[in-house]
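# Secondary and tertiary structure notes
If you want the building blocks of each chain, they are given just below.
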Amino acid sequence: METQLDPMKDDLPLMANTSHMLVKHYILDLDVDFKSKVIEGIIVLFFETGSRYKKTSNTGQEGCQSQCDETCKIRASEPCHIPGTNVSACSSKTECNDFAVCGKGEEDTSDKNGNHSNKEQASGISNSKNCCDIENHGNKDFLLVLDCCDLSVLKVEEVDVAAVSGIEKFTRSAKLTGVSKELESLRNQIVHELVTLPADRWKEQLYYFTCCSQAPGCGELLFTTGTWSLEIRKSGIQTPTDFPHAIRIWYKTKPEGRSVTWTTDQSGRPCVYTMGSPINNRALFPCQEPPVALSTWQASVRTAAGFVVLMSGENSAEPVQLQEGILSWYYYVTMPMPASTFTIAVGCWQEVKQQSFMATAQTNTAFSLVPSQDDCRWHEEICRHVEYPCRFQNPAARLQAVIPYRVFAPWCLMERCKERLLQLIPQCLSAAYITLGTHPFSRLDVLIVPSNFSSLGMASPHIIFLSQSVLPGGSHLCGTRLCHEIAHAWFGLAIGARDWTEEWLSEGFATFLEDVFWARAQQLSHDEVKGQQELKALLRWRRLRDEVQNSEEELQVLRPKKESTGELSESGASIVKHGLKAEKIFMQVHYLKDFLCMLLEDIPEQKQSGLTVESIFQNWLDTSGIPKPLLEEGETWKECQLVQQVSGEVTKWIQTNQRIRKSSKKKRKQDEVVFQK
């Protein structure tokens, strides 16, 4: 593993030691500054001890030691940041205010790399010394590793959650005072009780998370930043169990950070958004990137009046004016998801609304089909995921064919969105519901993002980014792309791969389902559906063929890690194969190598035709190039009537174009034909 985690290679390293500590909740308190192109603020992280550590090491010494050795080998040595003796003091008991966190606005003491430390440095720390220093009795401190890149970290401290008023209910003992060791243990116990509250107490949980995030600090922590990570330790603490389970980090992004794009929208106004970077969100906030790190979050974002903040939160946030010219937006989620799904877009977006309430009601009811009571899909479902307020257990949600939706766009594109996009959303949502049942998310925002967006669309929880390119012309491109992104609510978001390398899982399902959804949204006949699917299959086949001829073979393999897919190091670190390869972003192979259903146990007759899991792996997943069965199938699609019709039309225009080019200018003027149709 150590040799693989090389930031100079094309593989993206996931450095977080999730096997030892898992983030369960983030609270972000951020300011967006368009003049400096910086997002600055505070993040508070709440942890649980990792499952592998609990299983493998009761004392914590063995697991922690090997993780520390491994991390020190992986990263390049960076200077340690040693806290001074002065700790900012707040009151011993804190009340819950609107994200007013103590210690903000400290004097900038950054070094030349933009990293920060306290003014009082301990002596004897050199650049060659790392945070796995040998402590008393020859033991090493436990090292918490977070995924982090292109961030300036100012300060890290432990949070005194025991100082929160009313927190006694989360302790087995009413005593909140005692010796230091007992108090540290008590703080971690409080965090454990808080993160494991039952799903039906989610409002209370969010309230106390907020209160804890505003509690005073109780000691600064040592930290160092590497190319891909932020490493934190507390002197003398050698196990994840004893490490602080609530920490606060002051930081700011860099203008060149790769997780967000600072640009202007189509109306020329400034904006910033997360555009689906290969490095995900680690240049937006320190986090744990691996898919196993499922967490909830709350965020308060302040920006100048006139800007709208959209995020992947459950609620439709309304701005609160803090002072003249400054608005605050608050979002939250209660469904644990990977940090990579966190999305933000700040700009002068305009909400695109229907002409009247009556038009909205008519649009929604026209495509909201209520299923029959006999359909077993609509009966109470049993979920086996981690506990959270699940919509699949909510009778009202199970009957909601069209979830609440909003559309945002730059001012200059509002009319186009009104004409095209608004009417398609309820059709596509309803078609998805008829096909798959309950929508995993409670609402949907659709944003037309700036023209520098490199894709046609991107799905996140509760929000979809669409390119302006889907708006012109007929409804087909806009509808199919919308259906594709809606399908990701189930495949890619609610259900995700355990290894980011396996994009084919979510993209394959979404590509297949976009055709199913779109056919239902259009209410096509069986023959029309068949014709459309065969035409699209042929077009995809040709795109795949061209890509195979013009791309590296290793990027054509859907399962590049083969049998080692999903494997982690002892600490939980791993890599995303080819994750930093620039060409990979534009590869279509994950979308176009449509795959066969692997449920062979449920379809035993398929085995008689020679179809096995092994043959699917060999033909479709573990090799480059076009799968053999697809080569044979490609010939049959050419016989489709719609394909022949399109081919004839294309041929006609090619010949017409060639004929006009060959003729002289004088003759062209005489013989020019206007093909209006």
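Residues numbered from 1 in each chain as written. Predicted model: local features only at pLDDT ≥ 70, side-chain atom pairs only at ≥ 80, totals over all residues. Heavy atoms only, no water.

### Quick word on empty space enclosed by the protein
Across all of its chains, the model carries five cavities of 30 Å³ or more by this definition. Approximately 140 Å³ is the volume found for the largest cavity. As for the largest cavity, its lining consists of 17 residues, of which F441, L444, I464, I486 and A489 are closest to the centre. Looking at the lining of the largest cavity, the elements that each hand over two or more residues are β20 (457-460), β21 (463-466) and α9 (476-487). Residues that form the lining of the largest cavity fall into these classes: twelve nonpolar, three polar and two charged. Of the voids in this model, the second largest cavity is the one considered here, and its volume is about 110 Å³. Surrounding the second largest cavity, 16 residues form its lining, S295, W297, V333, P338 and T341 being those nearest its centre. Where the lining of the second largest cavity is concerned, the elements lending two or more residues are β2 (21-33), β12 (295-304) and β15 (326-337). (1 Å grid on protein atoms, 1.4 Å probe; cavity = no way out; pocket = protein on both sides within 12 Å on 5 of 7 lines; lining within 4 Å. Points joined across faces, edges and corners; volume = space filled by probe spheres on them. Helix = DSSP H or I, 4+ residues; strand = E, 2+ residues; numbered from the N terminus. Nonpolar A, V, L, I, M, F, W, Y, C, P; charged D, E, K, R; others polar.)

### Quick word on the sheet that holds strand β9 (residues 246-253)
With mixed pairing, eight strands are arranged side by side in an open sheet as β6-β5-β9-β3-β2-β12-β15-β14. Of all the strands in the sheet, the pair left with one neighbour each is β6 (217-220) and β14 (320-323). Going from strand to strand, the sheet's axes swing by 25° on average, the running direction of each strand aside. Note that strand β5 (residues 151-159) and β9 share seven bridges and pair antiparallel. Note on β9: the bridge partner recorded for K155 is W250. Against the sheet, helix α4 (residues 202-213) contacts β2, β3 (38-49), β5, β9, β12 and β15, and its axis sits at roughly 65° relative to β2. (Pairing = 2+ DSSP bridges. Axes fitted to C-alpha atoms, helices over the stretch in contact; angles between N-to-C directions. Contact = heavy atoms within 4.5 Å.)

### A word on the packing of aromatic side chains
Aromatic ring pairs: the centre-centre distance and the angle between the two ring planes describe each pair. Scanning all chains against the criterion turns up 15 aromatic pairs. Note on F34 and W262: the rings are 5.4 Å apart at their centroids and 85° apart in plane angle, and the pair reads as edge-to-face. With a gap of 228 residues between them, F34 in the loop between β2 and β3 and W262 in strand β10 (residues 260-264) connect regions that are remote in the sequence. With respect to burial, F34 and W262 carry one shared label: buried. One aromatic cluster is present, formed by Y26, F285, W297 and F342 through successive ring pairs. For the cation-ring pair, K155 lies above W250, with the distance from its terminal atom to the ring centre recorded as 4.5 Å. (Phe/Tyr/Trp six-rings, centres within 6.5 Å; stacked < 30°, edge-to-face > 60°. Buried < 20%, exposed > 50% of the residue type's maximum accessible area, 1.4 Å probe, protein only. Lys NZ or Arg CZ within 6 Å of the ring centre and 35° of its normal.)

### With respect to the pattern of salt bridges
Within the structure shown, the criterion is met by 21 salt bridges. Between D29 and R302 there is a salt bridge, with its nearest N and O atoms 2.7 Å apart. Here D29 is found in strand β2, whereas its partner R302 is found in strand β12, with 273 residues between them in sequence. Here the two residues D29 and R302 agree in accessibility, since each one is buried. (Salt bridge = Lys/Arg side-chain N within 4 Å of Asp/Glu carboxyl O.)

### Some thoughts on the environment of G479
Examined against the element boundaries, G479 turns out to sit in helix α9. A relative accessible area of 0% means that G479 is categorised as buried. Between the alpha carbons of G479 and I425 there is a distance of 8.1 Å; along the sequence they are 54 residues apart. In this structure, G479 is in contact with L424, C428 and W518, ignoring residues within four places of it in sequence.

### Points about α4
Spacing of three or four residues puts side chains on the same side of an α-helix, whose turn is 3.6 residues. Look at α4: 16 Å from first C-alpha to last across twelve residues, which is about the 16 Å you get at 1.5 Å a residue. Taken residue by residue, α4 has Q205, L206, Y208, F209, T210, C211, C212 and S213 as its buried positions. (Expected span 1.5 Å × (residues − 1).)

### Some points on the packing of helix α8 (residues 421-436) against α9
Where α8 contacts α9, the two axes come as close as 10 Å, and the packing angle between them is 45°. Compared by their axis directions, α8 and α9 come out oblique. Crossing of α8 over α9 shows right-handed handedness. Together, L421, L424, I425, C428, L429 and A432 of α8 and C478, G479, L482, C483 and I486 of α9 make up the contact between the two elements. Classifying every residue of the contact of α8 with α9 by side-chain character gives ten nonpolar, one polar and no charged. (Parallel < 35°, antiparallel > 145°, perpendicular 65-115°, else oblique. Left-handed = near helix turned anticlockwise from the far one by under 90°.)

### Regarding unusual backbone geometry
Of note, N280 is a non-glycine position whose phi angle comes to about 55°, a positive value. Positionally, N280 belongs in the loop between β11 (270-274) and β12. Unusually for a residue other than glycine, H462 sits at a positive phi of about 70°.

### Section: the nonpolar core
The biggest cluster of nonpolar side chains holds 62 residues, and the ones touching the most others in it are Y26, I232, I249 and F285. Considering each element in turn, this core owes the most residues, six residues, to β2. Residues in contact with I249, not counting those within four places in the same chain, are G41, I42, I43, L45, L146, V153, K155, V156, L230, I232 and P286. Listed in part, the 47 residues of the second largest apolar core include M337, A432, L471 and L513. (Core = buried A, V, L, I, M, F, W, Y, C linked by side-chain atoms within 4.5 Å.)

### Here we look at the state of the cysteines
A complete count under the given rule lists zero disulfides for this structure. Cysteine C412 remains unbridged, with the sulfur of C417 as its closest cysteine sulfur at 9.4 Å. Sulfur of C478: no disulfide; nearest cysteine sulfur belongs to C428 and is 7.8 Å away. (Disulfide = S-S within 2.5 Å.)

### Here's the deal with the pairing of β2
Within β2, ten of the 13 residues are buried, leaving the element largely enclosed by the surrounding structure. Pairing geometry for β2 and β3, over twelve bridges, is antiparallel. Bridge pairing in β3 places L22 opposite E48. Adjacent in sequence and paired antiparallel, β2 and β3 are bridged by four residues, among which K37 carries a positive phi angle near 55°. Note: β2 against β12, seven bridges, orientation parallel. From the neighbouring strand, L30 faces β12, where its bridge partner is V301.

### Topic: the sheet that holds β11
Whenever strands of a sheet pair, they do so through backbone hydrogen bonds, lying parallel or antiparallel. If you trace the four strands from one edge of the open sheet to the other, you get β10-β11-β16-β13, paired in antiparallel fashion. Each end of this open sheet is capped by a strand with a single partner; those strands are β10 and β13 (308-311). Taken pair by pair, the neighbouring strands of this sheet meet at an average axis angle of 15°, ignoring direction. Bridging between β10 and β11 involves five bridges; their strand directions are antiparallel. Paired with V260 across the two strands is T274, which belongs to β11.

### Digging into the confidence of the model for the protein
Reading fine detail from the predicted coordinates is not recommended where pLDDT is low. On average, residues of the protein score 78 in pLDDT, and 67% of them reach the 70 mark or higher. Of the regions scoring below 50 in pLDDT, residues 1-8 engages in 21 contacts with residues more than four places distant in sequence or in other chains. Note on residues 84-95: pLDDT is under 50 here. Beyond four places in sequence and across chains, it has 30 contacts. (pLDDT = per-residue confidence, 0-100.)

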